[in-house]
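A closer look at the structure
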Amino acid sequence: MRRWADRIHLAARLLVSVAVLGACGRAGDRQTAASQASGALTVTDDAGHRVTLPAPARRIVSVAPSSTELLFALGAGPQVVGRTTWCKYPPAALAVPVIGDGLNPSLEAVAARRPDLVVLYRSALNEAAAAQLARIGVPALVVKQDRLEDLARAAQLLGVVTGHSSAGDTIAAAIDAVLRTPPPPRHVRLAFVVWDNPPMVIGAGSYLDQIAGLAGGVNVFHDIPAASATVSLETIAARDPQVIAVLDDSTPVGEPAYTARPEWQVVRAVRLRRFVHLPADLFGRPSPRTAEAVAELRRLLEAWR
Amino acid sequence: MRWLGLAGLSVVALTLAVVLGPAHVAWADLGRSPIVRELRIPRALLGFVVGGSLAVSGASLQALMRNPLADPFLLGLSGGAGLGAVAAIALHLGGPWALPLAAFVGALVALGLVFRLGLIGGWGGGVELDPRVLLLGGVAVGAFAGAVMTAIISVSEAAQLRNAFLWLWGGLSGASWDTLLVLCLYVPVPLLVLLAAARPLDVLALGEEPARYLGADVTALKRRVYLAASLLTAAAVAVSGVIGFVGLMVPHLCRGVWGQQHRALLPASFLGGGALLVLADTAARVAVAPRELPVGIVTALIGVPLFALLLRRWTAT
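I will try to describe carefully the structure that is included in this document.

Definitions and limits used
- Residues numbered from 1 in each chain as written.
- Chains lettered and ligands numbered in written order.
- Predicted model: local features only at pLDDT ≥ 70, side-chain atom pairs only at ≥ 80, totals over all residues.
- Pairing = 2+ DSSP bridges.
- Helix = DSSP H or I, 4+ residues; strand = E, 2+ residues; numbered from the N terminus.
- Axes fitted to C-alpha atoms, helices over the stretch in contact; angles between N-to-C directions.
- Contact = placed C-beta atoms within 7 Å.
- Expected span 1.5 Å × (residues − 1).
- Nonpolar A, V, L, I, M, F, W, Y, C, P; charged D, E, K, R; others polar.
- Core = buried A, V, L, I, M, F, W, Y, C linked by C-beta atoms within 7 Å.
- Buried ≥ 20, exposed ≤ 12 C-beta atoms within 10 Å, placed from the backbone.

1. Let's talk about the sheet that holds strand E3 (residues 60-62) of chain A
Think of a sheet as strands paired side by side through backbone hydrogen bonds, with each pair either parallel or antiparallel. Residues and elements named next belong to chain A. Taken together, the four strands give an open sheet; going across it, the order is E4-E3-E5-E6, and neighbouring strands pair in parallel fashion. With partners counted over all chains shown, the strands left at the sheet margins are strand E4 (80-82) and strand E6 (140-143), one partner each. Ignoring strand direction, the axes of neighbouring strands in this sheet form an average angle of 35 degrees. Pairing geometry for E3 and E4, over two bridges, is parallel. Bridge pairing in E4 places Val 61 opposite Gly 82. Those strands touched by helix H2 (residues 65-74) are E3, E4, strand E5 (117-121) and E6, and its axis lies near 135 degrees from that of E3. This element, helix H4 (residues 124-135), spans E5 and E6 of the sheet and lies at about 165 degrees to E6.

2. Topic: the pairing of strand E2 (residues 50-53) of chain A
Residues and elements named next belong to chain A. By the bridge criterion, four bridges tie strand E1 (residues 41-44) to E2 in an arrangement that is antiparallel. The partner of Thr 42 across the bridge, within E2, is Thr 52. In textbook terms, the turn of a hairpin is the stretch between consecutive antiparallel strands, and for E1 and E2 this stretch comprises five residues, one of which, Gly 48, has a positive phi near 85 degrees.

3. Comments concerning H4 of chain A
Residues and elements named next belong to chain A. The first and last C-alpha atoms of H4 sit 17 Å apart over 12 residues, in line with the 16 Å expected at 1.5 Å per residue. Among the structural elements, helix H3 (107-112), E5 and E6 are those in contact with the buried residues of H4. Within two residues after H4, Gly 137 carries a phi angle of roughly 85 degrees, on the positive side.

4. Re the interface of chain A and chain B
Taken together, the contact pairs 27 residues of chain A with 31 residues of chain B. Among the elements that take part in the side of chain A that touches chain B, helix H8 (residues 233-239) of chain A stands out by supplying five residues, more than any other. Residue composition of the side of chain A that touches chain B, by class: 15 nonpolar, six polar and six charged.

5. Let's talk about the nonpolar core
When a protein is soluble and globular, its nonpolar side chains tend to lie buried together. Core analysis: the biggest nonpolar cluster contains 95 residues, and Ala 85 and Ala 107 of chain B have the highest contact counts within it. Ignoring sequence-local partners within four residues, the contact set of Ala 107 of chain B consists of Leu 77, Gly 80, Ala 81, Gly 84, Ala 234, Val 237 and Ala 238 of chain B. Val 61, Ala 129, Leu 214 and Leu 301 of chain A belong to the second-largest nonpolar core, a separate cluster that totals 89 residues.

As far as function goes, none of this settles anything; it's purely spatial.
The structure is reproduced here in structure tokens:
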């Protein structure tokens with residue numbers, strides 16, 4: 001799935017460090033510190049590069065659905081002047097001009113929007129793009145948004161560079177609160193099947209695994225460290241999940257086509273048609289609405305508990 | 001003795017494929033477990049038939065083209081099949097059989113195009129297949145289909161399209177008794193056509209003109225062999241995607257043991273290709289469990305060093 005592109009990349013986890021000129025410590029102090037320094041601010045992005053802006057960004061091109069959603073949630077929506085074809089949430093984002101599909105961003109299309117900041121998700125290709133943008137004088141921020149804790153940091157980072165740092169802190173605090181909430185005691189074993197031939201499932205590296213845990217589910221492929229992996233059908237059958245979680249795309253909602261394939265009947269949850277359908281809007285990427293996603297999955301799993 | 005060894009290898013490969021797997025199945029349960037009955041056995045048998053078909057197809061095409069590099073996928077079939085599969089996903093064609101059917105149709109269209117390109121005015125005034133033109137036409141059609149496929153993937157909005165590549169790179173995850181049954185009804189026809197062409201293929205090895213003087217109907221032979229080999233490959237790609245190296249290497253390995261006589265070479269290639277693919281698939285399932293490797297990578301990892309070793313031994317003597 002193309003949407004997975006913004007999270008399926010293997011990379012060592014880098015700590016996000018937000019360091020505003022003349023300030024250290026909590027993000028709440030940063031805005032004041034930044035404004036004291038005549039509006040100029042410097043942050044360190046998730047690729048480890050220091051990015052300096054003369055002032056909070058006013059024209060932002062966002063090259064990932066997750067950062068677009070986050071920018072709108074921060075209240076920086078009016079500052080977004082470019083998005084990808086995949087950035088469809090919130091609906092207000094649809095009014096923003098498209099710069100491409102974001103997988104291999106066309107730098108000219110990005111530059112044509114005359115941005116004062118470009119936000120890219122972290123990948124080798126995008127780090128190269130960020131370096132190229134820096135050469136033509138466009139500051140680019142590489143942001144890792146694979147896991148829920150990344151999202152909290154991304155909210156603070158983007159909050160600072162857009163001048164909405166208190167909103168960033170609020171979102172980060174809300175996500176931290178969700179992460180600290182104890183899950184329901186009785187667990188439902190589930191598998192996220194994202195493709196059927198070859199069968200691909202979600203592993204522990206994905207935010208979906210985290211959401212499952214918080215909602216009182218156990219991902220039966222939690223032992224796979226990657227965000228997603230190809231597995232044998234017999235492994236799915238042997239691990240015998242109680243339910244299969246299906247991420248619903250824009251394609252017609254319904255049982256996936258593979259459920260009619262004879263070989264899939266070996267998986268009990270498929271044979272018994274035990275599916276939970278996850279709306280792509282809410283579950284398709286790490287989202288500031290994580291609390292809502294956890295509550296929704298919890299509700300969906302209640303039937304199988 | 002050689003045949004006994006090959007038969008033994010095939011039995012060992014099939015047994016390992018049924019006994020080994022990422023899921024733990026106790027010895028006592030091997031007969032009853034649905035994992036063994038519904039997944040491992042049909043997958044092992046499907047792998048055997050696909051591997052055997054690819055190897056026979058490769059051996060026949062190498063004889064037809066008189067080119068040791070000929071491979072079942074060199075003639076544009078992989079590009080056509082991939083384009084068919086991508087079109088099926090992009091058009092949201094539903095149903096569990098949509099993907100293999102679309103891939104099969106795509107491969108047939110490519111086959112037809114390459115066949116038409118390969119037919120040129122030839123010996124004795126009639127039209128006939130020119131192996132060199134077939135080869136070039138195959139590469140051209142394959143490249144064009146590949147480009148169209150990539151273009152569709154680049155501009156389309158369907159989120160699953162990226163996975164079409166995963167499917168195309170090959171694997172036997174789609175194996176079931178139904179798939180095996182369909183393949184077993186289909187495969188014997190082109191397979192028998194190729195086996196029947198064993199003697200004329202030996203004669204063709206001498207060159208087209210000498211073969212004609214020896215009384216072989218070269219024009220008909222070339223068409224028959226090309227179509228049968230391609231139809232075999234089209235079926236293989238529809239059920240398992242593009243699995244490389246089996247069709248290229250196994251015939252050469254078998255030539256080293258059985259010599260150039262196609263009457264022995266073709267059956268030996270079938271058993272050898274079947275055994276190699278089943279072994280490779282077992283390794284693909286078990287090596288990094290619970291994850292699974294694409295089987296084409298394993299066929300290359302097992303096959304290429306073996307091939308290199310034999311190549312050195314043959315060239316040394």
